[in-house]
Amino acid sequence: MGVEAHATNERVTGRRWTVRLDPVGRGRADVRVSCSRPACAAQVLPSAAAGRTAAIAHLKAHLRAGPAPRPSVHCACRAEECHTHIRPAGPRERPVPWRCGGAVVLAVITDREGRWWQVLECCSRCAAAHPTAKVVATAQAAEAPPRGDGFRADAPARATPGGPAATTPAFSAVGPHFSHSAAATGTAVPGTAVPQQASGPRTSAPRSARPTRKRPPRGRIAQRLVPHDLRPVALRDELTELGELFRAYQARTEPDLAVLADLHARKAEAFHAWAEVTADTGLRLDAQRAEQAAATARLQHLHRIGQAPDGEGPAVARLLTAPAQWNHARAVLAHVAENAPLPRAEARLLVLMVTLRTAQSGVGNLVGQDIKGLPLRDPEQLVGQLVESGWLGIPGTVEELIASRPESPTRISVPSLTPDEDDPGPFTFGRKLRPKLSGWAQRVVGEKKLRKGKTEADVRLLALALATGADGEGRLGPAGEGIGLDGLSSWCSVDPAGLPDLVDRLSAADWLAEADVTDTLLTGRLTERVLPLGCPLT
């Protein structure tokens, strides 16, 4: 008895070590990979993705090289009072032996953001209490030595604290294969190998050595977990498959709006069925949002391929193809109308074109032809006024800017558009959309018949306003009800009494048809020729 007690007191706590992924410094992209084992030096990687790959490779190398779990050790989390177990109600209690149980396993746990990975030599009950634990290896029960007192030599023997050490099982050469995606979702890790017991006569294993029964992995879709017991089974499988398909679509390098529309349509149908089964109002609302997303994605797809939404005739192949792009174009025009430093139509047209060149960072390139191609009577004087007002910054003189050529453009800046920590700037569109918007405005302003007719800046400003103020069929105003004259005259920097003359000039240039100017409204429609330049009201 004394020997057994002494052996029990000398049982060691299970191993535990952690591999971490930490940022090197604020505002920097490189990361540091560190391991809690004393012989491991930290590594600095250029990105989070590279750091995560290195951390996983480092952890797998430890698992391949290290020994298998030992059946006689104390559970590693026992020293921390099994924080992952559910505590009984009331004041904190000291842990008792029944909290730990089952075979000793080597488990890998991780946080859901994929920032650290920890290896624990613990009992199977503690491993099951961790929501992200993946069992890598299980310790085999200790074998009893041959005896001559009538007991079978091949009968399984329970491991005793003071008994002989169990034979160390062969450790799998394949370490845990998991990624940041699997860690973030908590799904089963493919490629994780758990050593099996050696084949031989089938015997009844001790209860503590039997493998822990685990539930099948749960599917996830739209930040929702698919219940294990959801019925019918076909609905549960459909939701699980849809979640995987959406994640696969997000990993694509190129979008496919037709595929996305089909996925949203399937999601809407599945969520409607899920809502009927569970009577969950939130699921029903999600289903309605999925229907709207499917319709929007399908409409955008049809616009991109040049087909009509209802199959009735050819659709317009527009220069700007998506509703978000049309809204951004209107936002730029509204910003220029409110913030132009000079009141005249020529100044407003030049401010608009320069704004589109510098919208993202407040700086951009400009050449003399960009300015001389606009209908400006005295471009040098106008550029000089913008520089004097402080709205525009140029490195040299106005004459050098006007004389600059495409092979040596002038770097210009607009301080009011330069973002900083407190003000990200007035526009929210991405870097790739800025040249599209600039090209669209140049196409409208420099349209062939407007250019040949030598129309002034106010006429071209009116063309921009009407291009963004018509519906999908070219009718002016919401539902074809017309556009207010006050807004048009303010944008074009002309008196309301001068608008009819501008409308006549646009009609003569084959921009407008059926135009009618009343005391308050301009009605009519854009001609078929200029519909591709339009940004329809949605």
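Computed from a predicted model, the values in this text were never measured in an experiment.

Asker: Honestly, the sheet that holds strand 11 (residues 483-484) in this entry has me stumped. Any pointers?
Answerer: Pairing between the strands of a sheet comes from backbone hydrogen bonds, and it takes one of two forms, parallel or antiparallel. Pairing within the open sheet is antiparallel, and its 3 strands lie in the order 11-13-12. Among the strands making up the open sheet, the edge pair consists of strand 11 and strand 12 (512-517). Lying on the sheet, helix 17 (residues 499-508) is in contact with strand 12 and strand 13 (521-526); it crosses strand 12 at an angle near 165 degrees.

Asker: What am I meant to see in the sheet that holds strand 2 (residues 31-35) here?
Answerer: Within the open sheet, the 6 strands sit side by side as 3-2-1-5-4-6. Their pairing is antiparallel. Taken across any chain shown, the strands that pair with only one partner, and hence form the sheet edges, are strand 3 (43-45) and strand 6 (134-138). Direction aside, the axes of adjacent strands within the sheet are offset by 20 degrees on average. Both strand 1 (residues 16-23) and strand 5 (residues 116-123) contribute to a ladder of 5 bridges, which runs antiparallel. Among the inter-strand pairings, Thr 18 is bridged to a residue of strand 5, identified as Gln 118.

Asker: I tried to follow the environment of Thr 240 on my own but got confused; where do I start?
Answerer: Relative to the helices and strands, Thr 240 resides in helix 5 (residues 233-250). Given a relative accessible area of 21%, Thr 240 falls into the partly exposed group. Along the chain, Thr 240 and Gly 219 lie 21 residues apart, while their C-alpha atoms are 4.6 Å from each other. Not counting the four nearest positions on each side in its chain, Thr 240 is found in contact with Gly 219 and Val 226.

Asker: When you look at a negative patch on the surface in this model, what are you seeing that I'm missing?
Answerer: A surface patch of negative charge is lined by Asp 378, Glu 380, Glu 399 and Glu 400. The topology assignment puts Glu 399 in helix 12 (residues 398-403).

Asker: Even after reading the chapter, I still don't get the side chain of His 62, so can you show me in this structure?
Answerer: Residue placement: His 62 occurs in helix 2 (residues 48-65). In contact with His 62, other than residues within four places in its own chain, are Trp 17, Cys 35, Arg 37 and Cys 40.

Definitions and limits used
Residues numbered from 1 in each chain as written. Predicted model: local features only at pLDDT ≥ 70, side-chain atom pairs only at ≥ 80, totals over all residues. Heavy atoms only, no water. Pairing = 2+ DSSP bridges. Helix = DSSP H or I, 4+ residues; strand = E, 2+ residues; numbered from the N terminus. Contact = heavy atoms within 4.5 Å. Axes fitted to C-alpha atoms, helices over the stretch in contact; angles between N-to-C directions. Buried < 20%, exposed > 50% of the residue type's maximum accessible area, 1.4 Å probe, protein only. Patch = residues over 30% accessible without salt bridge, like charges linked within 9 Å, V, L, I, M, F, W, Y side chains within 5 Å. Areas by Shrake-Rupley, 256 points an atom, 1.4 Å probe, with all protein chains shown as cover. Salt bridge = Lys/Arg side-chain N within 4 Å of Asp/Glu carboxyl O. Lys, Arg positive; Asp, Glu negative; His and termini not counted. Charge placed at Lys NZ, Arg CZ, Asp CG, Glu CD.

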